[in-house]
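Observations on the model geometry
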Amino acid sequence: MRLHKVYHRFSSHSLPTPLSLLHHHHLPKPLSSSSRSPLPKAVPLPFRFPALHSPTSSSGTCYNTSSHLKPIPMPSSRIHNLVPVNAVAVEDGAASNASDPPHQPTHSASPENQDLGANGYQFPPPEIRDIVDAPPLPALSFSPQRDKILFLRRRSLPPLAELARPEEKLAGVRIDGKCNSRSRMSFYTGIGIHLLNADGTLGPEKEITGLPHGAKINFVTWSKDGRHLSFSVRADEDDDSGSKLKVWVADVETGKARLLFHSPDVYVNAVFDNFVWVNNSTLLVCTIPLSRGEPPKKRFVPSGPKIQSNEQKNVIQTRTFQDLLKDEYDEDLFEYYATTQLVVASLDGSVEPIGPPAIYTSMEPSPDEQYILSTSIHRPFSFIVPCGRFPKKVQVWTANGKFVRELCDLPLAEDIPITFNSVRKGMRSINWRADKPSTLYWVETQDGGDAKVEVSPRDIIYTQPAVPLENEQPIILHKLDLRYGGISWCDDSLALVYESWYKTRKIRTWVISPGSREDISPRILFDRSSEDVYSDPGSPMLRRTSAGTYVIAKVKNSDDEGIYVLLSGIGATPEGNIPFLDLFDINTGNKERIWQSDKDKYYETIVALMSDQNEGELYLNQLKILTSKESKTENTQYFILSWPEKKPCQITNFPHPYPQLASLQKEMIRYQRKDGVQLTATLYLPPGYDPSKDGPLPCLVWSYPGEFKSKDAAGQVRGSPNEFAGIGPTSPLLWLARRFAVLSGPTIPIIGEGDEEANDRYVEQLVASAEAAVEEVICRGVARAEKIAIGGHSYGAFMAANLLAQAPHLFCCGIARSGAYNRTLTPFGFQNEDRTLWEATTTYVEMSPFMSAHKIKKPILLIHGEEDNNPGTLTMQSDRFFNALKGHGALSRLVILPFESHGYAARESIMHVLWETDRWLQTYCVLNSSVDSNTCTDNIKGTEGSESKVVDAAEGVRELEDQQKITLYYSQRSSL
């Protein structure tokens, strides 16, 4: 699979990422999902205000009852705004012109003076709002020849009107019917081309011209020779056809852009894939079939009842997926929007269809440009699993449209076990070898896909030509006892195969010789724990081939005959991450560190190989590397590093995104849990803070728990003290501008050693970790015990609610965004728990803050997107939790954000979330009014017939009692 196409899919569709790609140095962190744009034409905003629920309001909302599992968070890349060398995907990114006026919410009164009973979106204080509204930096993309750079202009936050566009929720996919694409796609607003001079300087910008006014640009991709760009464009949105995507191409030399298709009726179908370069003059495009008529109509009277049956007594356990098909109408609608006609389009305008219309989910030209590997899904569909498990067909076609063969037609996969490392039966991970013209490889499970089955081998990797000879059988490339995790190809003498097993956290790297059959046996290169970041040897750097694929870069070291590769790693150490580049002898295992980040002030990382544009040997003394460099106060800039001098040449000079916080104070701190586990956190203090003069500050603690198999691994340091403090639109670091101390990411390890399951001691370990963090900031004198707030998003919200229930002595209030609080609503597993509710009933119940709602005595703010599509965190979780809190008189508030999903995107929504959070922190942390006796009196006055006000008064009395417990607790801790 080509690297640039991998990024297109994984950045926007949240598909599982192969192990080999998680460590891939070219894969950047997906662009921010936030975008800001003016109100589109002819898209009226069905204005809905955030639903506010508090003890003063008894209104409620009904929600969809399906739910989802929260996926394991992947390690974020430090490549903030760099996109892959050969492509730019924009589903998660957006851009703006600096001249665009910010969209103004309807209500803009200052937050200090607003009536909480008033409807409307509110603004946070200017010091927060100005940071969020700062214009974003452009995204970058290097040409295949590394001689040009694209600057792709972005906007920051979109208006709510964009999120309010109608969308179809079908088979786990959300579709914008007008665009015939995934809904809520952001976009670039312009493309500038810069020549990268030999001395590292940039030439003047050349703007891509010829685009329609207000063009919304997506899927920017370089041709293999770097002479052309392809991208999709949406223009005005006055009608359905105007908002659909068309393919454009631009001449890089002149900057002039034009439509690819002569016919005005050919549009891109971007529900799954979109388009890809087959060669330098031809693109393979997913188009809307010309024969397609109007969307199917829903019957006013159903043809019959909705029936699901399991009369065969099959064991089918599924996690709580969202947006599933519900009936025959949904099936027809999904098929209507997702069906694609593949066409091959030349730059001269000629078009040839390939195959019949089908629901194509991916298409990959072979490296030699002779064949196309297509994957499609088909009926029968399912009402209990998303489209990724629908019946799947994989076929090979010639590039000129002749059918070659069918590799497999897999049945519906509703019965994949919920146990981690369980997979689909049959062929999977079918791809082209990156080092061969047209050779396929794939994996087949030997355990029926069930990770609980003990068998050896567990997975077998096969390889075979696209067009095998008569009776030619697939060749067994390698057998694995763990689960296959990917391959890094080099040539017939070298490839690296990865396997892993979640339960044991074991991860192995094998060295194989793909061209050898008997003489060279596979051997283990690395065998380690995936949790042990200190032992991570790094990942091989890849070089681009003339075919546009990426293979392991072999390096010649003078006259030495050894086989050397470049291993780039994060360099985790007890002092923090110190990224490195090693010259590694693949045969002997000897390595030489040829570059390392400055560990005193800067944090530098290896981004990509820049000396791979020419064929032939790659010599160490001719090496060129793209690096990024940042510090606590200096944002990321990019450099070219050339051997042998290793003199860095700076190629970007981005301004500081929020100069008002340029002098913030940052420190990575270490402390210990009472059971001896070492913990870390990043402590941020406001600019100009002087502990001797300013004393303790109100403090916001923001975190996310993680599971581990060993105490040693849990105690390892992750991150760097020199990383730039990136501040997103809803980041807790925004409250540095409000003179808060912020304890960001204190480690909350939940450890289950040996056969023990981590979650069986979840509450105990959660509280112990939080106690250690709170004690640390108090002992340092930067925080006051009665003014520490806890907050988190998703599984972090689950954590925050649990801490308010189980450790009321630690925090004065809490903020929980988009969380899940009742684990009985996710009965077939959640997060990293793969036991069912019936297998671990006690664990499910004890972990659920919903079951402990009666224990929550501190103010809690719940925020949730009304259209949350994340596994496990359906909006109903917050709604029911709030009702449980209100039923026990808890001081609480629920804010439901119309049109928002698991993360929040619209400017109105984000500003209101920040206003709600700031008001909560100012009231219940800074002023700590919940423990103020005057507040209790005020709450009682003038409340004849107002039960909710009496509840608030009772809450204030309870807070006074809890404050005494806090004082006693810390006096006892100090005496120890």
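Higher on the page you've got the structure.
Calculation criteria
- Residues numbered from 1 in each chain as written.
- Predicted model: local features only at pLDDT ≥ 70, side-chain atom pairs only at ≥ 80, totals over all residues.
- Heavy atoms only, no water.
- Helix = DSSP H or I, 4+ residues; strand = E, 2+ residues; numbered from the N terminus.
- Contact = heavy atoms within 4.5 Å.
- Areas by Shrake-Rupley, 256 points an atom, 1.4 Å probe, with all protein chains shown as cover.
- Expected span 1.5 Å × (residues − 1).
- Buried < 20%, exposed > 50% of the residue type's maximum accessible area, 1.4 Å probe, protein only.
- Pairing = 2+ DSSP bridges.
- Axes fitted to C-alpha atoms, helices over the stretch in contact; angles between N-to-C directions.
- Parallel < 35°, antiparallel > 145°, perpendicular 65-115°, else oblique.
- Nonpolar A, V, L, I, M, F, W, Y, C, P; charged D, E, K, R; others polar.
- Phe/Tyr/Trp six-rings, centres within 6.5 Å; stacked < 30°, edge-to-face > 60°.
- Polar contact = N/O pair within 3.5 Å; in protein donor to acceptor, adjacent residues only side chain to side chain.
- Salt bridge = Lys/Arg side-chain N within 4 Å of Asp/Glu carboxyl O.
- Disulfide = S-S within 2.5 Å.
- Core = buried A, V, L, I, M, F, W, Y, C linked by side-chain atoms within 4.5 Å.

1. A few points about the overall build of the protein
- Looking only at helices and strands, the protein has 15 helices and 49 strands in total.
- Put simply, 66% of the contacts in the protein that link residues at least 6 apart link residues at least 24 apart.
- Summed over all atoms, the accessible surface of the protein reaches about 37,800 Å², with 51% contributed by carbon and sulfur.

2. Topic: helix α10 (residues 795–806)
- Helix length check: α10 (12 residues) gives 16 Å between terminal C-alpha atoms against 16 Å at 1.5 Å per residue, within 8%.
- Counting buried positions along α10 gives 11 out of 12 residues, so the element sits mostly inside the fold.

3. What to know about the sheet that holds strand β20 (residues 403–410)
- Pairing in this open sheet of 7 strands is antiparallel, and the strands run β14-β15-β16-β17-β18-β19-β20 from one edge to the other. Bordering the open sheet on either side are β14 (275–279) and β20, each of which pairs with just one other strand. Averaged over neighbouring strand pairs, the angle between their axes works out to 35° when direction is ignored.
- Sheet topology places β14 next to strand β15 (residues 282–287); 4 bridges connect them, and they run antiparallel. Opposite Val276, over in β15, you have Leu284 as the bridge partner.
- Against the sheet, helix α6 (residues 328–338) engages β16 (340–346), β17 (351–365) and β18 (371–377), with an angle of about 115° to β17.

4. Points about the packing of helix α9 (residues 762–779) against α10
- Here α9 crosses α10 at 85°, and the two axes come no closer than 10 Å. Between α9 and α10, the angle falls in the class roughly perpendicular. Touching Tyr762, Val763, Leu766, Val767 and Ala770 of α9 are Tyr795, Phe798, Met799, Asn802, Leu803 and Gln806, all from α10.
- Among the residues forming the contact of α9 with α10, the class breakdown is 9 nonpolar, 2 polar and no charged.

5. As for the packing of aromatic side chains
- Going through the model one piece at a time under the given rule, you end up with 20 aromatic pairs.
- Centroid distance Phe272 to Phe334: 6.4 Å. Interplanar angle 85°. Geometry classified as edge-to-face. In this pair, Phe272 is assigned in the loop between β13 (257–259) and β14 and Phe334 in helix α6, connecting sequence segments 62 residues apart.
- Residue Phe272 is classed as buried on the basis of its relative accessible area of 11%.
- Take Phe334: its relative accessible area is 0%, and that puts it in the buried class.
- Taken together, a centroid distance of 5.3 Å and an interplanar angle of 75° make the contact between Trp397 and Phe403 edge-to-face.
- Take Trp397: its relative accessible area is 9%, and that puts it in the buried class.

6. A few points about the environment of His262
- For His262, the position within the fold is in the loop between β13 and β14.
- Residue class for His262 comes out exposed when judged on its relative accessible area of 64%.
- With 89 residues separating them along the chain, His262 and Val351 place their C-alpha atoms 9.5 Å apart.
- Among the polar contacts listed, one links the side chain of His262 to the backbone oxygen of Asp348, at a separation of 3.3 Å.

7. Some remarks on the sheet that holds strand β3 (residues 139–142)
- One open sheet accounts for 4 strands, arranged β3-β4-β8-β9; its pairing is antiparallel. This sheet does not close on itself; its edge strands, each paired only once, are β3 and β9 (206–207).
- In terms of strand pairing, strand β4 (residues 148–153) meets strand β8 (residues 190–195) through 6 bridges, oriented antiparallel. Counted as the bridge partner of Phe151 is Gly192 from β8.

8. Examining the pattern of salt bridges
- As enumerated under the stated definition, the model contains 49 salt bridges in all.
- With a closest N to O distance of 3.9 Å, Glu771 and Lys674 form a salt bridge. Pair noted here: Glu771 is in helix α9 and Lys674 is in the loop between β40 (665–672) and β41 (678–685), with a separation of 97 residues, a long-range link.
- Salt bridges sharing common partners tie together Arg428, Asp447, Glu454, Arg458, Asp459 and Arg483.

9. Brief notes about unusual backbone geometry
- At the junction of Arg379 and Pro380, the peptide bond is cis and its omega measures out at 5° in the coordinates.
- Tracing the backbone shows Pro380 in the loop between β18 and β19 (392–398).
- The step from Ser456 to Pro457 runs through a cis peptide bond, and the omega angle for that step is 0°.
- For Pro457, the location among the structural elements is in the loop between β22 (439–445) and β23 (459–465).
- One non-glycine residue, Asn180, lies in positive phi territory at about 55°.
- Looking at the secondary structure, you find Asn180 in the loop between β6 (173–176) and β7 (181–182).

10. Some words on the state of the cysteines
- By the definition in use, this model includes 0 disulfides.
- Of the cysteine sulfurs around Cys812, a residue in no disulfide, the closest is that of Cys925, at 3.8 Å.
- Take Cys812: its relative accessible area is 5%, and that puts it in the buried class.

11. A look at the pairing of β8
- Burial runs high along β8: 5 of the 6 residues are buried.
- The pairing of β8 with β9 spans 2 bridges and is classified as antiparallel. Residue pairing across strands places Gly192 opposite Glu207, the latter belonging to β9.

12. Some remarks on the environment of Ser181
- With respect to the helices and strands, Ser181 occurs in strand β7.
- Each C-alpha atom, one on Ser181 and one on Glu167, is 9.9 Å from the other, the two residues being 14 residues apart in sequence.
- Apart from the residues within four sequence positions on either side, Ser181 is in contact with Arg174, Ile175, Asp176, Leu245, Ala270 and Val271.

13. Focus on the environment of Phe383
- Its place among the elements puts Phe383 in the loop between β18 and β19.
- A relative accessible area of 27% places Phe383 in the partly exposed class.
- Beyond its immediate stretch of four places on either side in the chain, Phe383 contacts Gln308, Leu324, Leu325, Lys326, Asp327, Glu328 and Glu331.

14. A few points about the nonpolar core
- Counting 62 residues, the largest nonpolar core has Leu803, Phe811, Leu862 and Phe881 as its most contacted members.
- Of the residues forming this core, the biggest block, 9 residues, is contributed by α10.
- Discounting residues that sit within four places of it in the chain, Leu803 has contacts with Leu766, Val767, Ala770, Ile790, Pro808 and Phe811.
- Core analysis: the next-biggest nonpolar cluster, separate from the first, contains 38 residues, Leu734, Val895, Tyr904 and Ile910 among them.

15. Observations concerning the side chain of Glu167
- One can find Glu167 in the loop between α4 (160–163) and β5 (168–170).
- Judged by relative accessible area, which is 18%, Glu167 ranks as buried.
- A distance of 2.6 Å separates the side chain of Glu167 from the side chain of Ser183, its partner in a polar contact.
- Beyond its immediate stretch of four places on either side in the chain, Glu167 contacts Arg174, Ile175, Ser183 and Arg184.

16. Description of α6
- Every buried residue of α6 is accounted for by Asp330, Glu331, Leu333, Phe334, Tyr336, Tyr337 and Ala338.
- Buried residues along α6 sit in contact with β5, β6, β16, β17 and β18.
- Sitting at the amino-terminal end of α6 is Asp327, which places a side-chain oxygen 3.2 Å from the backbone nitrogen of Tyr329.

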